Amino acid sequence: LIRGMDKTKFRITVATFYDGGVLRMELAAIPGVKTISLGKSGRWELVSFFRRLMQAVHVERVDIIHGYLDVANIFAWFAGRLSGAKVIFGIRAAFMDFSRYDWTARATYQLANWLARFANGVIINSHAGLAYHRANRFEQANTVVIPNGIDTQIYRREPALGLPLRAEWGVSPNQKLIGLVGRLDPMKDHHTFLQAATQLGQQAQFV
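This write-up is about the structure you can find in this document.

What counts and what doesn't
Counting restarts for each chain: residues are numbered from 1 in the order of the written sequence. Per-residue local features are limited, in this predicted model, to residues with pLDDT of at least 70; the limit for side-chain atom pairs, both in listing and counting, is 80 or more; totals at the level of whole chains, interfaces and linings are taken over all residues. Side-chain measures were taken over the full set of non-hydrogen atoms in the model, leaving aside hydrogen atoms and water. A pair is scored as a salt bridge if a Lys or Arg side-chain nitrogen falls within 4 Å of a carboxyl oxygen belonging to Asp or Glu. Relative accessibility thresholds used throughout: buried, under 20% of the residue-type maximum; exposed, over 50%; partly exposed, between the two (1.4 Å probe, protein chains only). Put simply, DSSP H or I for four residues or longer makes a helix, DSSP E for two residues or longer makes a strand, and each gets a number counted from the N terminus. Asp and Glu count as negative and Lys and Arg as positive, but His and the ends of the chain are not part of the count. The contact rule is simple, with two residues in contact once any of their heavy atoms fall within 4.5 Å. Any two strands with at least two DSSP bridges between them are considered paired. Axis geometry follows a simple rule: fit a line to the C-alpha atoms, using only the stretch in contact for helices, then measure angles between N-to-C directions, giving values from 0 to 180 degrees.

### Details of the pattern of salt bridges
Here is step 1 of the chain: This model, assessed by the stated rule, comprises seven salt bridges.
Here is step 2 of the chain: Put simply, R100 and D97 hold a salt bridge, and the shortest N to O gap is 3.3 Å.
Here is step 3 of the chain: Looking at R100, the relative accessible area reads 43%, which means it is partly exposed.
Here is step 4 of the chain: Judged by its relative accessible area of 31%, D97 is partly exposed.
Here is step 5 of the chain: Where R156 meets E158, a salt bridge forms, and the shortest distance between an N and an O atom there is 3.0 Å.
Here is step 6 of the chain: A relative accessible area of 35% places E158 in the partly exposed class.

Quick look at the structure:
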């Protein structure tokens, strides 16, 4: 998204809650993009963190704040309310099983859903996600579905590059290999994947 934005029309600053992150160097290398860390010390550092966020919004003279996921959207809404900046919510999660999380997950979801009606706009990355949120009393007329952009020059099939890894794992080039790519989070359901992989492994055609 940031690479594709017209730098002659937008002055882009990416603010992260915490220091570091796997994308930090990649973001900093994009010409015309400024990256800052708000230095959040932990989950419950809220007041001083919000103070630093407001300071950054003031220093950068922000016109539009674009949040991602519930917590960031909530902070973005309050920052926009106090600064006069327009606020765009970014929603990229749906069909959440809140029984897998503590009470804060449901609370932030409900608050973000309620605040969305007062945002200047909402971007959701799937039509299924939009249907899910509307079924959960999500109200925002100015909502658009924009699927996640994938850079196909970077993320593309390269079978030859997998051969050394297959050799390291003792897997032949023609053997079926099934994997799951996702962070360790309850909603990624690694447990079910491992159960399914075990059942497949027990079938003769996958042995």
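### Points about the side chain of R166
Here is step 1 of the chain: Structurally, R166 is set in helix α6 (residues 159–169).
Here is step 2 of the chain: As a buried residue without a salt bridge, R166 has its nearest oppositely charged side chain in E168, at a separation of 12 Å.
Here is step 3 of the chain: Sequence-distant contacts of R166, that is, excluding residues within four places in its chain, are made with V171, S172, P173, Q175 and L177.

### Remarks on the sheet that holds strand β5 (residues 121–124)
Here is step 1 of the chain: Strand order in the open sheet formed by four strands is β3-β4-β5-β6, with parallel pairing between adjacent strands. This sheet does not close on itself; its edge strands, each paired only once, are β3 (64–66) and β6 (143–145). With direction set aside, neighbouring strand axes in the sheet form an average angle of 20°.
Here is step 2 of the chain: Pairing analysis gives three bridges linking β5 to β6, with the strands arranged parallel. The residue bridging I124 from the neighbouring strand is V145, located in β6.
Here is step 3 of the chain: Packed on one face of the sheet, helix α3 (residues 69–83) meets β3 and β4 (86–91) and runs near 175° to β4.

Fair warning: the whole summary comes from geometry, so function is off the table for now.
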